Structures are given as C-alpha cells and as structure tokens.
Amino acid sequence: MTSRTAADRIAGTVRADIRALSAYPVPPAAGGIKLDAMECPYELPDAVREDIARAVHDTALNRYPAGDTTELAHDVRKAFGIPAESGVLFGNGSDELIHLIVQACCEPGDTVLSPWPSFVYFDMAARFDHARFVGVPLTADLQLDLPAMLQAIAQHRPKVVFLALPNNPTGGLWPDEAVQAIIDTAPGLVVLDEAYQPFADHTWMTRLPTLPHAVILRTVSKIGLAGLRFGYLSGHPDWIAQFDKVRPPYNLNVLTQAALRVVLRHKSVLDQQAAQLRADREPLARALADLPDVTVFPSAGNFILARFSGEFDGNTVHLALKTRKILVKNVSSAHPLLANCLRISIGTPAENTALLSALQDILRSH
Ligand SMILES: *Cc1c(COP(=O)(O)O)cnc(C)c1O
C-alpha cells in the first residue's frame, strides 16, 4: 500500500535519530536586549557600511563565486596572523568546517571526542555525519579533567578531538600543558576551536607550525560579523588539502567575500570592539558575583556563566529576565554540571547595567 501522508513516508525514509530531534532553537528577540548568542553588541561604523555597500554594488550575482580565493586568503592571513607555512580553508561559518572535518575523517561509528559540556555543535555534527560522540565530563567546578580526558582518549581512540579554547558555555580556557598533553596523546586530529580567541589574549596560532596533528578553527561571528557566516581553518597544508575535498564547491558566497574584504581593511574597528568587551567583562563578572546566591565562573570569552542557587533556580531567573525583555541563554538543563546556570553575553555598558538592575530586582522580589 502506498502511504497517503507525508508523515507515513517520512517515518519510513528519514533517519530515526533525525526524526527524534527537535530543530536547533533560535528564539526571536524582537525589541529586547539580546545577550543569548555571544554576538558583538556593536554595529559597524557608517563609513565601513558605506564601503560595504559599494563593494556589494560592484559584485556580480549572476556568476558563481570564483574558485581562486588567493586574494581573500592573503587578507585573512594578514588580519589574523596565520603562519605562512600553514594552509587555510574557508567555511560558511565555522559550523560548516566542523562538518567537513568529521566527514573527511570519520567512517560510520568512528569516535569524535570533546570535554563536556562544550559547544553543542561538536556533538550534533558528529552524529549527523554518522560518527559516535563521546563527551568527557568537566570537573564539578567546570574545569578540564585531564586524567579523564587522557583515559577516554586511550579507551575510545577518537579520530577527532575538539577543544574549544576558551570553552563555550563555561568560559574557561584550558591550560597549555593540558592541551599539549592531549595533542601528544590523541591518535588522530586535534581541533583547537578558537572562536573566542579575541577575548582571551591567548592563541595557539603562533605554535601551529610545530603541531603536525592539530588544526585551528576560528570564526568572525563573535567579533561583530555573526551575520556574515565566515569561518576559517588553518593547519598543515596536507590536512587542509584533505578537508578541501569535501567542501561544497561554492560554499563561500560572493557577498560574504566582498563584505569581509572591506571589513578586514578596517580590522582595527573589530579589535577595538573586542577590547571594549574584554574591559567590560571583569566589572560585569564582579557585579554578578555580588548578587545574592550567584556563583560566577571565570571567563576568557565574551560571555559569563552564572549559577543561581538558594530560592532562585535557573529557569525562574531566565523567565523573569525574559518577561523584562532581556534574553540570556538558559543552559540549566543542557547538562547536569550546568544545573541552574545561565550564560550571559557581554553587552554594551547600558545593556550590562540594565541586566544587573533587572537581576537585582528579580532576586530581591523573592
Ligand atoms: C559560536 C561558536 C562557533 C560557531 O561559529 P560560526 O562561525 O558562527 O559557525 C564555533 N565554535 C564555538 C566554540 C562557538 O562557540
């Protein structure tokens, strides 16, 4: 008998694990203060936007993107300090590059491993690409558990290890010696995801040529260009050449390329915005920690993870903030180690002040 409804046919066609999923939630943020997605709260200056408008005007939309990205690569290498001897690959956001790595490395059932909780997309991309994901729990105070990592690496022999440096959603930056020990032990590739590097004042990039089994993943999303969808991967040219084979041919659209090249000519604007967010981080962390029953975890990113205890659980505070049109990320139920935790992006000084007074109000009213 032929199926009559889409649902019938889907049940027999779409993978069971995909049917069981719900789509990645992106909540609407109409009119409020948006501190839930580690976006930069600052927009580009008008002069830069006008330069972008001109570049877009001069871009031919009827042609596929050029295969030769030498000029863009030159600009990106210069702007972000990629060593001359390293290769570079561009992605439609670094999310796409995560997929390319797993697709190129993992046979069905091979293991992808990461400390956990970390960036949820490591887990999702691994599973979508038929790999097995192993998350190695952080310690109770949300630090890297190096002995557990080394033990899990020995046990599972992962093809790929992802390390977010600093880690999302906890904010911690794993010590160099621990990262080096993981690189020295892992039997496959180690991906150092430096999405938050501009806020950490720390990078592995300068050491990349001495690390033949590690690659560095970066994005411009957290430094003011989340809408552009651009990420880059750098590492030994032989690794890059393998990942390039699974890249969709025209993954980087012409508008992204045109706008990015303009913005990189004004890179100091991005650097100043990042410096501002870095400077605002400690005062915000201290003010949050001064609230009753709030624990703040040390962060090297453009966000702060805070745990609410006593009478106020994470869900209550999240909802109360939402009622006041302040959107933060509720990670309370994402992992037992994150119970009652909210992840708060650093906003403009005015937004940070509004957040703090809303929290004072909420916590006092209980
Ligand atoms: C946000 C984030 C990314 C995703 O970046 P896109 O370039 O926007 O896809 C990658 N890694 C980590 C750890 C992140 O937090």
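Residues numbered from 1 in each chain as written. Predicted model: local features only at pLDDT ≥ 70, side-chain atom pairs only at ≥ 80, totals over all residues. Heavy atoms only, no water.

- Under the annotation held in an unreviewed UniProt entry, the chain carries the name Histidinol-phosphate aminotransferase and is attributed to Bordetella genomosp. 4.
- We quote the UniProt Sequence similarities (unreviewed entry) comment for the chain here in full: "Belongs to the class-II pyridoxal-phosphate-dependent aminotransferase family. Histidinol-phosphate aminotransferase subfamily."
- Check the Subunit (unreviewed entry) section of the UniProt entry for the chain; it says "Homodimer." (UniProt positions renumbered as here; feature names shortened; annotations may be inferred.)

## Some remarks on the site of the ligand
For step 1, the next point in the chain: The environment of the ligand is formed by 13 residues, the closest being Asp193, Tyr196, Thr219, Ser221 and Lys222.
For step 2, the next point in the chain: In the model, an oxygen atom of the ligand is placed 2.7 Å from a nitrogen or oxygen of the serine 94 main chain.
For step 3, the next point in the chain: At a separation of 2.6 Å, an oxygen atom of the ligand approaches a polar side-chain atom of tyrosine 196.
For step 4, the next point in the chain: Within the complex, 94% of the 390 Å² of free accessible area of the ligand lies under protein.
For step 5, the next point in the chain: Here the residues of the shell around the ligand sort into four nonpolar, five polar and four charged. (Near = heavy atom within 4 Å. Polar contact = N/O pair within 3.5 Å; in protein donor to acceptor, adjacent residues only side chain to side chain. Areas by Shrake-Rupley, 256 points an atom, 1.4 Å probe, with all protein chains shown as cover. Nonpolar A, V, L, I, M, F, W, Y, C, P; charged D, E, K, R; others polar.)

## Describing the pattern of salt bridges
For step 1, the next point in the chain: Scanning the entire structure with this criterion turns up 16 salt bridges.
For step 2, the next point in the chain: Bridged by salt links that share partners, the residues Lys34, Asp36 and Glu39 form one connected network. (Salt bridge = Lys/Arg side-chain N within 4 Å of Asp/Glu carboxyl O.)

## What about the UniProt feature "modified residue: N6-(pyridoxal phosphate)lysine" (unreviewed entry) in the chain?
For step 1, the next point in the chain: The sites that carry the UniProt feature "modified residue: N6-(pyridoxal phosphate)lysine" (unreviewed entry) are, in the present numbering, Lys222.
For step 2, the next point in the chain: Relative to the helices and strands, lysine 222 resides in the loop between strand S7 (214–219) and strand S8 (231–235).
For step 3, the next point in the chain: Assessed through its relative accessible area of 14%, lysine 222 is described here as buried.
For step 4, the next point in the chain: What lysine 222 contacts, discounting residues up to four positions off in sequence, is Met38, Cys40, Ala195, Tyr196, Phe199 and Asn302.
For step 5, the next point in the chain: For lysine 222, the side chain forms a polar contact with the side chain of tyrosine 196, separated by 3.1 Å. (Helix = DSSP H or I, 4+ residues; strand = E, 2+ residues; numbered from the N terminus. Buried < 20%, exposed > 50% of the residue type's maximum accessible area, 1.4 Å probe, protein only. Contact = heavy atoms within 4.5 Å.)

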